Amino acid sequence: INHIVHNGGLYKRPFNEAFEETPMLVAVLTYVGYGVLTLFGYLRDFMRQWKIEKCQNATEREEQKDFVPLYQDFENFYNRNLYMRIRDSWNRPICSVPGAKVDMMERVSHDYNWTFTYTGRVIKDIINMGSYNYLGFAQKAGPCQEAAAKVLSQYGAGVCSTRQEMGNLDKHEELEKLVARFLGVESAMAYGMGFATNSMNIPALVGKGCLILSDELNHASLVLGARLSGATIRIFKHNNMQSLEKLLKDAIVHGQPRTRRPWKKILILVEGIYSMEGSIVRLPEVIALKKKYKSYLYLDEAHSIGALGPSGRGVVEYFGLSPEDVDVMMGTFTKSFGAAGGYIGGKKELIDYLRTYSHSAAYATSMSPPVVEQIITSVKCIMGEDGTTIGRARVQQLAENTRYFRRRLKEMGFIIYGNEDSPVVPLMLYMPAKIGAFGREMLKRNIGVVVVGFPATPIIESRARFCLSAAHTKEMLDTALKEINEVGDLLQLKYSRRRLVPLLDRPFDETTYEETED
């Protein structure tokens, strides 16, 4: 049953998002698989202790045994005995532009992934299904590259100062005005790092005596920013508006712990597209709750800006909403724009405040001029200000690729998570042995994929994550789908029974997340 929401006219378009239930047998076998790996892990640790097997993991030196331990051996058990077996599936070095196809340096391991050596061979033309190159602006030729090269020759590569000192270039000012116009907000500010845009700005917006309501699947940068702020953090179930409203009601009725004073601020933290689930935030409902309970909304559009909406303006445009309803609009330039850094947009008073009090503004080196020019050129292309329709065509191409790829995978019988319009496509693998096997088999067939397991996902929900791009042609997608279908049969990954569970009904472990009172 696909979950299609109209919810009292809040949604101007169908909202199709579904998560299929994990088959019971698959769940049991997954737990058994982890159990067997753990058992053999203890056996191998025993053999290492008695020098039967060579010990290659980090250990305390003999002369340090009497000191307070710097290294907890048990904490590394998972890395040593489970992750190490499939470590070749990650950190693969590429040696080309991360476009629709990439070149990869071949490496081998002769000691079960403890170390790698390079063969000197380069694997050419691997179809790239893992990079966040949503609109295909990661390219080594074209208007963006030419403009960036011109700016590099004029300004150089680095600025060597902060924005508040000698590092405020005319290009930075131009970028911020352009981003504000693109988002439809009064003002915007750019930062050199997307992660720091969240982690360093949230502490400037809230502090002790404030309440943060955070989605359980928010990115690590949002989680870190919330923790650094000193505010009280409470978690609501992923994209579950009943859970969010309950927390809002409780916050207003009960106030702060012990004193029962009203909260100074209540800030809701959500993402546009959740990068592990492929789901899209229920923004119309979040905004309705925010207005009803007089709270503030912080929207992280790292994966949705450029990738959603008829003209690529993100999840706000996707739902036909006003940017004025979002208090803090955050996003990154690292994905759809093929560059680096992040931004925050909103009212002029907010941006002026952040220019003074944000750690990222006061202490971080300014953005590199060629990177700034890459962003300016790509944003103008999306807006059509370069005199072409290439940008809009790329946005439309990405939407077509997304729907086509998701539909074909579902028809093949795979369990696919997320929204039908999300270019992030998680394909469920479940069992630990199939994480490494899927990545290796796809690479043998010249397809580069990202595989993800515990602790980045729940222990029984290991997955492969595909990221679609406007640069992917239909022939590339058909080639990838053919190989995915073949590997799916080989590894028996077609678990789907077509029994889809609506998102609101997904089971949730109440004990997994604790509320921070102090």
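Model, not experiment: these values are computed from the prediction. (Residues numbered from 1 in each chain as written. Predicted model: local features only at pLDDT ≥ 70, side-chain atom pairs only at ≥ 80, totals over all residues. Heavy atoms only, no water.)

S.K.: Tell me what's going on with the overall build of the protein, and back it up with residues and numbers.
M.R.: Check the secondary structure of the protein and you find 15 helices and 17 strands. A globule of 518 residues ought to have a C-alpha radius of gyration of about 24 Å, and the protein, at 24 Å, matches this closely. In terms of overall dimensions, the protein has a C-alpha envelope of 65 × 60 × 60 Å along the principal axes. Here the contacts in the protein between residues at least 6 apart in sequence split such that 71% fall between residues at least 24 apart. Carbon and sulfur atoms make up 56% of the accessible area of the protein, which totals about 24,200 Å². (Helix = DSSP H or I, 4+ residues; strand = E, 2+ residues; numbered from the N terminus. Rg over C-alpha atoms; globule rule 2.2 N^0.38 Å. Contact = heavy atoms within 4.5 Å. Areas by Shrake-Rupley, 256 points an atom, 1.4 Å probe, with all protein chains shown as cover.)

S.K.: Go over the pairing of strand β2 (residues 16–20), please, and point to the residues and values.
M.R.: Of all the 5 residues making up β2, 5 are buried; the element is thus mostly covered by neighbouring parts of the structure. Along β2, one buried face is formed by Asn16, Ala18 and Glu20 and the opposite face, lined by Glu17 and Phe19, is buried too. Looking at chain direction, β2 and strand β12 (residues 418–419) are connected through 2 bridges and run antiparallel. Bridging across to β12, alanine 18 finds its partner in glycine 418. (Buried < 20%, exposed > 50% of the residue type's maximum accessible area, 1.4 Å probe, protein only. Pairing = 2+ DSSP bridges.)

S.K.: So what about the sheet that holds strand β3 (residues 101–108)? Which residues, and what values?
M.R.: Pairing in this open sheet of 3 strands is mixed, and the strands run β3-β4-β14 from one edge to the other. Whereas interior strands pair on both sides, the edge strands pair on one side only; in this sheet they are β3 and β14 (447–448). The sheet contact formed by β3 and strand β4 (residues 117–128) spans 6 bridges and is antiparallel. Looking at the pairing, valine 108 lines up with threonine 117 of β4.

S.K.: A description of the layout of surface pockets should follow, citing residues and the corresponding values.
M.R.: The calculated volume of the second largest pocket comes to roughly 450 Å³. In terms of lining residues, the second largest pocket is bounded by 19 residues, among which Tyr296, Asp327, Val328, Lys347 and Leu350 are the most central. At 3 residues, helix α10 (residues 348–357) tops the list of elements feeding residues into the lining of the second largest pocket. Considered class by class, the residues forming the lining of the second largest pocket number 11 nonpolar, 2 polar and 6 charged. (1 Å grid on protein atoms, 1.4 Å probe; cavity = no way out; pocket = protein on both sides within 12 Å on 5 of 7 lines; lining within 4 Å. Points joined across faces, edges and corners; volume = space filled by probe spheres on them. Nonpolar A, V, L, I, M, F, W, Y, C, P; charged D, E, K, R; others polar.)

S.K.: For the environment of histidine 472, give the residues involved together with the corresponding values.
M.R.: Tracing the sequence through the fold places histidine 472 in the loop between β16 (462–467) and α15 (474–491). A relative accessible area of 2% places histidine 472 in the buried class. Distance from histidine 472 to arginine 261, taken between C-alpha atoms, is 55 Å for residues 211 residues apart in sequence.

S.K.: Just give me the short version of helix α3 (residues 143–155), but keep the residues and values in it.
M.R.: Count 3.6 residues to each turn of an α-helix, and residues three or four apart come out pointing the same way. With 13 residues, α3 extends 18 Å between its outermost C-alpha atoms, agreeing within 8% with the 18 Å of an ideal straight helix rising 1.5 Å per residue. The inward-facing, buried residues of α3 abut α4 (170–183) and α12 (369–383). (Expected span 1.5 Å × (residues − 1).)

S.K.: Go over the pattern of salt bridges, please, and point to the residues and values.
M.R.: Where charged atoms of side chains with opposite charge meet at close range, the side chains can pair. In the structure shown here, the tally under the stated rule is 32 salt bridges. Lysine 474 is the salt-bridge partner of aspartate 478, the closest N and O atoms lying 3.2 Å from each other. Taken together, the residues span about one helical turn, with aspartate 478 and lysine 474 both in helix α15 at a distance of 4 residues. Linking aspartate 489 and lysine 494 is a salt bridge whose minimum nitrogen-to-oxygen distance equals 2.9 Å. We classify lysine 494 as partly exposed; its relative accessible area is 28%. (Salt bridge = Lys/Arg side-chain N within 4 Å of Asp/Glu carboxyl O.)

Without other data, these values stay purely geometric and don't point to any function.
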